[in-house]
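These are the residues of each chain, in order.
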Amino acid sequence: MKGRSEMKRIILFLPLFLLICCINKNQELSTGNDKKNKKSTAERKEVEKKYMSYDEFNKLYEKPFYLEGYNPVYEGHKKQIKTAIKMIKDSKKPLIIAGAGILKANACEELKEFIDKTNIPVAMTLLGLGSFPGSHDLALGMIGMHGTTYANYAANEADLIIAAGMRFDDRVTGNPQKFLPNAQIIHIDIDPAEIGKNKLIDVPIVGDLKNVLSDLNENAPKLLHDEWLKQIKKWKKEYSLIYR
């Protein structure tokens with residue numbers, strides 16, 4: 001049956017279209033043209049509108065569909081992952097920048113496991129907020145133009161950046177050439193077009209973040225960088241967000 005909201009929309013559009021029909025079943029998709037052809041006697045082309053209820057529309061996409069030209073890589077390259085592990089082991093001031101890709105890949109648990117294992121602090125982009133608990137000692141909040149002072153200080157001093165599911169947009173980087181002046185960069189993203197687009201990258205890893213972080217967690221080293229964490233703690237205290 002047509003719901004109340006559907007009927008209101010149909011009444012609203014009546015003056016604008018030659019034919020309006022509310023489709024309640026997928027089988028009715030082809031009936032609109034038949035009714036229109038029978039009803040229309042004018043030679044001019046008329047605008048036709050078919051209204052489909054929200055539930056019925058969703059049923060059209062219950063089965064996976066193929067999008068021509070889109071063939072994403074879901075598994076990270078093993079050699080690149082191995083190189084990334086070595087860079088992480090050799091780093092003295094590592095920092096993770098987590099973006100929206102963490103949330104879209106449903107990789108929050110893998111990110112937290114990686115941080116717990118490596119003891120690496122993490123900053124987040126605006127769309128990456130919520131990918132890691134903000135109350136955690138290693139969480140630096142948001143990075144960039146509207147971010148925290150200590151997150152931006154950490155990015156400026158870091159010698160290794162693990163960019164996970166973020167695209168180095170101008171609200172994060174400012175001038176890309178001056179962003180991360182002292183760091184090597186590992187960039188993980190499922191979209192290869194985003195890697196190296198705005199910032200030169202040392203180690204690109206194309207793949208689904210959930211899978212790539214799971215692979216990194218298998219060999220993630222426990223890092224000892226007390227001086228680095230001590231400096232970050234000092235910044236967090238000096239430039240805290242609390243009312244003073």
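Note that residues are indexed from 1 along each chain, following the sequence as it is written. Only residues with pLDDT of at least 70 get local features here, since the model is predicted, and only at 80 or more are side-chain atom pairs given and counted; chain-wide, interface and lining totals rely on the full set of residues. Each side-chain value is worked out from all heavy atoms of the structure, with water and hydrogens disregarded.

What follows is about the pairing of strand E7 (residues 184-189). Relative accessibility under 20% of the residue-type maximum defines a buried residue, over 50% an exposed one, and the middle range a partly exposed one, all with a 1.4 Å probe and only protein chains included. A run of H or I in DSSP becomes a helix once it reaches four residues, and a run of E becomes a strand once it reaches two; helices and strands are each numbered from the N terminus. Across the six residues of E7, five count as buried, placing the element largely inside the fold. Pairing of strand E6 (residues 160-164) with E7 involves five bridges; the strand directions are parallel. For Ile162, the partnering residue across the bridge sits in E7 and is Ile186. Note on pairing: two strands pair once DSSP finds at least 2 bridges between them.

Residues of helix H9 (residues 209-218) that are buried: Leu209, Val212, Leu213, Asp215, Leu216 and Asn217. Any two residues whose heavy atoms approach within 4.5 Å at even a single point are treated as in contact. Packed against the buried residues of H9 are helix H4 (78-90), helix H5 (100-104), helix H6 (108-118), E6, E7 and strand E8 (203-206).

Moving on to the side chain of Asn217. As for its placement among the helices and strands, Asn217 is situated in helix H9. On the basis of relative accessible area, Asn217 is assigned to the buried category, the value being 4%.

A positive phi angle is found at Asn106, which is not glycine, with a value near 55°. Mapped onto the fold, Asn106 is located in the loop between H5 and H6. Judged by relative accessible area, Asn106 falls into the exposed class, the value being 53%. Positive phi, close to 55°, is recorded for Phe168, a residue that is not glycine. Following the sequence through the fold, Phe168 ends up in the loop between E6 and helix H8 (170-173). For Phe168, a relative accessible area of 2% puts it in the buried group.

We now examine the layout of surface pockets. Cavity means a closed set of points on a 1 Å grid over the protein atoms alone, one where a 1.4 Å probe fits but cannot get out, pocket means an open set with protein on both sides within 12 Å along at least 5 of 7 lines, and lining means a residue has an atom within 4 Å of a point. Grid points are joined across faces, edges and corners, and a volume is the space filled by probe spheres set on the points. Here the largest pocket defines a volume of roughly 590 Å³. Along its surface, the largest pocket is lined by 26 residues, and Ala100, Leu127, Gly165, Met166 and Arg167 are the ones closest to its centre. Breaking the lining of the largest pocket down by element, the ones donating at least two residues are H5 and H8. With three residues, H5 is the largest single contributor of residues to the lining of the largest pocket. Throughout, the ten residues Ala, Val, Leu, Ile, Met, Phe, Trp, Tyr, Cys and Pro are labelled nonpolar, Asp, Glu, Lys and Arg are labelled charged, and all others, Gly among them, are labelled polar. Within the lining of the largest pocket, the residues separate by chemical class into 12 nonpolar, six polar and eight charged.

Within the open sheet, the six strands sit side by side as E5-E4-E3-E6-E7-E8. Their pairing is parallel. With one partner strand each, in any of the chains shown, strand E5 (139-142) and E8 form the two edges of the open sheet. Here the average twist between neighbouring strands, direction ignored, is 15°. The pairing of strand E3 (residues 94-98) with strand E4 (residues 122-124) spans three bridges and is classified as parallel. Pairing of Ile97 across the sheet is with Ala123, part of E4. Only the contacting stretch of a helix is used when fitting its axis, a line to C-alpha atoms as for every element, and angles between N-to-C directions run 0 to 180 degrees. Where helix H7 (residues 149-157) meets the sheet, its contacts fall on E3, E4 and E5, and the angle it forms with E5 comes to roughly 110°.

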